[in-house]
Amino acid sequence: MADHFGRPAGAKRKGTKKRAAKGSGGKGRGRLEGHKNIPKAEDRPYHPAHKRKLAAQARAAQVAAAAPKLKASLQIKAGHELVAGRNPVAEAVAAGIPYSRVFMVGALAHDERVVSVARAATAAGVPIVEVTRGELDMIAGGSAHQGIALEVLPYEYVSALDLVDIAQQHSERPGLIVALDSVTDPHNLGAAIRSASAFQADGVLITERRSASVNATVWKVSAGALARVPVARETNLVLTLKELKKQGYFVVGLAGEAEAVPIAELSLASEPLVLVTGSEGNGLSRLVRETCDQIAAIPIASQMESLNAAVATGIALYQVDQLRAR
């Protein structure tokens, strides 16, 4: 007996859905194991990529060999730094970084950033030196210069006692110096200088060794604050802190110890202060800690071990400023 479709009774229609494909069950897993140790294309002597690699290395060697002679011919002095790239150069000029010359590839007058730099240099009486792209490649050390570079002058540091003299010119408030103990990141130094400017510190104290120095990165991160806040650099931080104590300053170190005084309860805030921040990894060094008159802490959540050095400096300066305003 057939149904109304003409199929025999009891017949079933075949399914139209696709069934899962049959896998290998891992049988082909090891087929490519023999290809694991094949060297990269650029490391195979017969491959075109290897020839391109050798050519690039040869060009780099030529640039490295010619760069000193070119720098000498362009009279780029030792200690001067080059900031390269259209955005970095424009930002450096806007931040007020002292510079002695602008190196520029011709035919860049259409770029607004280059035009603004050229105008600023002309207004300041700074020479603009036209160079070729190849020459700029050499003096910029292979960085992406985009046709323009800035010759930045070495920073002129002051002494710790100069900061004391600066503080005495502001008799309406006690002296305030920020000291950085082995803070090596220039971004942290720049941010600390920016905070020092925001909360009326008289200056920042760093050391000659194991410390970030003022460079183009510090200038940019400080957002122009470096033009207002002097940086003192001394050989020995402990001896300098002791000398500042003789000048009437109290030294307060920042640390996260349980027995430390909360920074918001600092009783010395109304006195001339040196606020010392240690490095993120090791904090305050032992001798610096022993030189401190008091250790202060910034209370933070228990799941966090410590704060970034620049962040801790900014918070501590804010708290001191608030205490002095009372």
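The rules behind each value
Residues numbered from 1 in each chain as written. Predicted model: local features only at pLDDT ≥ 70, side-chain atom pairs only at ≥ 80, totals over all residues. Heavy atoms only, no water. Helix = DSSP H or I, 4+ residues; strand = E, 2+ residues; numbered from the N terminus. Buried < 20%, exposed > 50% of the residue type's maximum accessible area, 1.4 Å probe, protein only. Contact = heavy atoms within 4.5 Å. Areas by Shrake-Rupley, 256 points an atom, 1.4 Å probe, with all protein chains shown as cover. Core = buried A, V, L, I, M, F, W, Y, C linked by side-chain atoms within 4.5 Å. Axes fitted to C-alpha atoms, helices over the stretch in contact; angles between N-to-C directions. Parallel < 35°, antiparallel > 145°, perpendicular 65-115°, else oblique. Nonpolar A, V, L, I, M, F, W, Y, C, P; charged D, E, K, R; others polar. Phe/Tyr/Trp six-rings, centres within 6.5 Å; stacked < 30°, edge-to-face > 60°. Pairing = 2+ DSSP bridges. Polar contact = N/O pair within 3.5 Å; in protein donor to acceptor, adjacent residues only side chain to side chain. Salt bridge = Lys/Arg side-chain N within 4 Å of Asp/Glu carboxyl O.

(A) Summary view of the overall build of the chain. A tally of regular secondary structure across the chain gives ten helices and eleven strands. Among the 326 residues that make up the chain, the fraction classed as buried is 38%. Long-range pairs, those at least 24 residues apart, make up 80% of the contacts in the chain between residues at least 6 apart in sequence. Surface summary for the chain: the accessible area is close to 19,200 Å², and the carbon and sulfur share equals 52%.

(B) Molecular detail of the nonpolar core. Leu189, Ile193, Val204 and Leu266 are the most contacted members of the largest nonpolar core, which totals 55 residues. Of the residues forming this core, the biggest block, six residues, is contributed by helix α10 (residues 309-325). Apart from residues lying up to four places away in sequence, Leu266 is in contact with Val252, Val261, Leu273, Gln294, Val320 and Leu323. Val164, Ala260, Val274 and Ile295 belong to the second largest nonpolar core, which has 23 residues in total.

(C) How the structure looks around the packing of helix α6 (residues 186-198) against α10. Here α6 crosses α10 at 10 degrees, and the two axes come no closer than 8 Å. Considering their axes alone, α6 and α10 lie roughly parallel with respect to each other. Counting all contacts with α6, which are made through Asn188, Ala191, Ala192, Ser195 and Ala196, the residues of α10 involved are Ala309, Ala310, Thr313, Gly314 and Leu317. Here the contact of α6 with α10 is composed, by residue class, of six nonpolar, four polar and no charged.

(D) Representation of the packing of aromatic side chains in the model. Inspection of the entire model under this criterion finds three aromatic pairs. Look at Tyr155 and Trp219: their rings are 6.5 Å apart centre to centre, the planes differ by 70 degrees, and that puts the pair in the edge-to-face class. Of the two residues, Tyr155 sits in the loop between β4 (148-152) and α5 (160-168) while Trp219 sits in helix α7 (residues 216-221), which places them 64 residues apart along the sequence. Classification of Tyr155 as buried rests on a relative accessible area of 19%. Accessibility expressed as a relative area gives 6% for Trp219, which makes it buried.

(E) Molecular detail of the sheet that holds strand β2 (residues 99-105). Taken together, four strands build an open sheet; the order of strands is β1-β4-β2-β3 and the sheet is mixed. Strands with a single pairing partner mark the edges of an open sheet, and in this sheet they are β1 (81-84) and β3 (128-131). Across the sheet, the mean angle separating the axes of adjacent strands is 25 degrees when strand polarity is ignored. Pairing of β2 with β4 involves five bridges; the strand directions are antiparallel. Paired with Arg101 across the two strands is Glu151, which belongs to β4. Against the sheet, helix α3 (residues 112-124) contacts β2, β3 and β4, and its axis sits at roughly 140 degrees relative to β2.

(F) Region of interest: the sheet that holds strand β11 (residues 294-297). Strand order across the open sheet formed by seven strands is β7-β6-β5-β10-β8-β11-β9, with parallel pairing between neighbours. Edge strands, defined here as strands with exactly one partner in the open sheet, are β7 (231-234) and β9 (261-262). Relative to strand β6 (residues 203-207), α6 is tilted by about 155 degrees, and along the sheet it contacts β5 (176-181), β6 and β7.

(G) Region of interest: the side chain of Thr240. One can find Thr240 in helix α8 (residues 237-246). Residue Thr240 is classed as buried on the basis of its relative accessible area, which comes to 8%. Here Asn236 takes part through its backbone oxygen, which lies 2.7 Å from a polar atom of the side chain of Thr240. Those residues in contact with Thr240 that sit more than four places away from it in its chain are Ala160, Leu205 and Glu234.

(H) Up close: the pattern of salt bridges. Applying the stated criterion across every chain, the model contains five salt bridges. Note that Glu151 and Arg101 form a salt bridge whose closest N and O atoms lie 2.7 Å from each other. Pair noted here: Glu151 is in strand β4 and Arg101 is in strand β2, with a separation of 50 residues, a long-range link. Both residues of the pair, Glu151 and Arg101, belong to the buried class. Between Arg173 and Asp202 there is a salt bridge, with the nearest N and O atoms lying 4.0 Å from each other. Here Asp202 lies in the loop between α6 and β6 and Arg173 lies in the loop between α5 and β5, a separation of 29 residues in the sequence. Look at the salt bridges and you will find they share partners, linking Glu172, Arg173 and Asp202 into a network.

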